[in-house]
Amino acid sequence: RSVCGVISCRRAHLRLCLERLKGIVPLGPEAGRHTTLSLLTRAKLHIKKLEDSNRKAVHQIEQLQREQRHLKRQLEKMGIERIRMDSIGSTVSSEHSDSDRGEIPMLRMEQDWLVR
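Note that the structure is a prediction, hence the values are computed from the model and not measured.

Remarks on the overall build of the protein chain
Part 1 of the reasoning: Within the protein chain, the regular secondary structure consists of 3 helices and 0 strands.
Part 2 of the reasoning: Scanning the protein chain from its N terminus toward the C terminus, one meets helices and strands in the order α-α-α.
Part 3 of the reasoning: Relative to its full complement of 116 residues, the protein chain shows a buried share of 10%.
Part 4 of the reasoning: Across the protein chain, every contact between residues at least 6 apart in sequence was considered, and the portion connecting residues at least 24 apart equals 32%.
Part 5 of the reasoning: When the accessible surface of the protein chain is totalled, it reaches about 10400 Å², and 59% of it is carbon and sulfur.

Quick look at the structure:
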């Protein structure tokens, strides 16, 4: 290949990549002709926004996971207290059910809802 052929091939590839980039990057209200520099600048800003958004999402996931662990511990603690209360209540009055005493029995929840 000649040098000119290689250069024109690279330029064609660059034009194709810039066209693809135009389709990905939000260009804003001035949808007229964009220079390569303005397109690359917008792409850079868009990438920074995406990274910031990703960082916030990761932070929120970590915060929700901490809250989930805390709630899971509280649920386990309530279950242990409920079992203790049930065993004390059964020795005091075995003929009354939970509903007779105005109590609502604690539901056994599947733990896989906590993992999601």
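Next, the rest of the story.
As for the UniProt feature "coiled-coil region" (unreviewed entry) in the protein chain
Part 1 of the reasoning: Under the UniProt annotation, "coiled-coil region" (unreviewed entry) lies at residues 47-81.
Part 2 of the reasoning: Annotated as 100% helix and 0% strand, the span residues 47-81 places its first and last C-alpha atoms 51 Å apart.

Things to note about the pattern of salt bridges
Part 1 of the reasoning: Following the criterion strictly, the structure yields 3 salt bridges and no others.
Part 2 of the reasoning: The residue Lys22 makes a salt bridge to Glu19 at a minimum N-O spacing of 3.4 Å. With Lys22 and Glu19 both in helix 1 (residues 3-24), this residue pair falls 3 residues apart, about one helical turn.
Part 3 of the reasoning: For Lys22, a relative accessible area of 30% puts it in the partly exposed group.
Part 4 of the reasoning: Among the salt bridges present, the one from Arg55 reaches Asp52, with a minimum N-O distance of 3.9 Å. You can see Arg55 and its partner Asp52 sitting in helix 2 (residues 36-92), 3 residues apart, about one turn around the helix.
Part 5 of the reasoning: Note on Arg55: relative accessible area 54%, which makes it exposed.

Concerning the environment of Leu27
Part 1 of the reasoning: In this fold, Leu27 is placed in the loop between helix 1 and helix 2.
Part 2 of the reasoning: Residues contacting Leu27, with those up to four places away along its chain left out, are Lys22, His34, Leu39 and Arg42.

Comments concerning the confidence of the model for the protein chain
Note that predicted coordinates carrying low pLDDT should not be read in detail.
Part 1 of the reasoning: With 73% of its residues at a pLDDT of at least 70, the protein chain reaches an overall mean of 79.
Part 2 of the reasoning: Mean pLDDT in the protein chain bottoms out at helix 3 (residues 112-115), which sits at 44, and peaks at helix 1, which reaches 90.
Part 3 of the reasoning: Of the regions scoring below 50 in pLDDT, residues 92-96 engages in 2 contacts with residues more than four places distant in sequence or in other chains.
Part 4 of the reasoning: Throughout residues 103-116 the model reports pLDDT below 50, and contacts reaching past four residues in sequence, or to other chains, amount to 17 contacts.

Each value, and the rule that gives it
Residues numbered from 1 in each chain as written. Predicted model: local features only at pLDDT ≥ 70, side-chain atom pairs only at ≥ 80, totals over all residues. Heavy atoms only, no water. Helix = DSSP H or I, 4+ residues; strand = E, 2+ residues; numbered from the N terminus. Buried < 20%, exposed > 50% of the residue type's maximum accessible area, 1.4 Å probe, protein only. Contact = heavy atoms within 4.5 Å. Areas by Shrake-Rupley, 256 points an atom, 1.4 Å probe, with all protein chains shown as cover. UniProt positions renumbered as here; feature names shortened; annotations may be inferred. Salt bridge = Lys/Arg side-chain N within 4 Å of Asp/Glu carboxyl O. pLDDT = per-residue confidence, 0-100.

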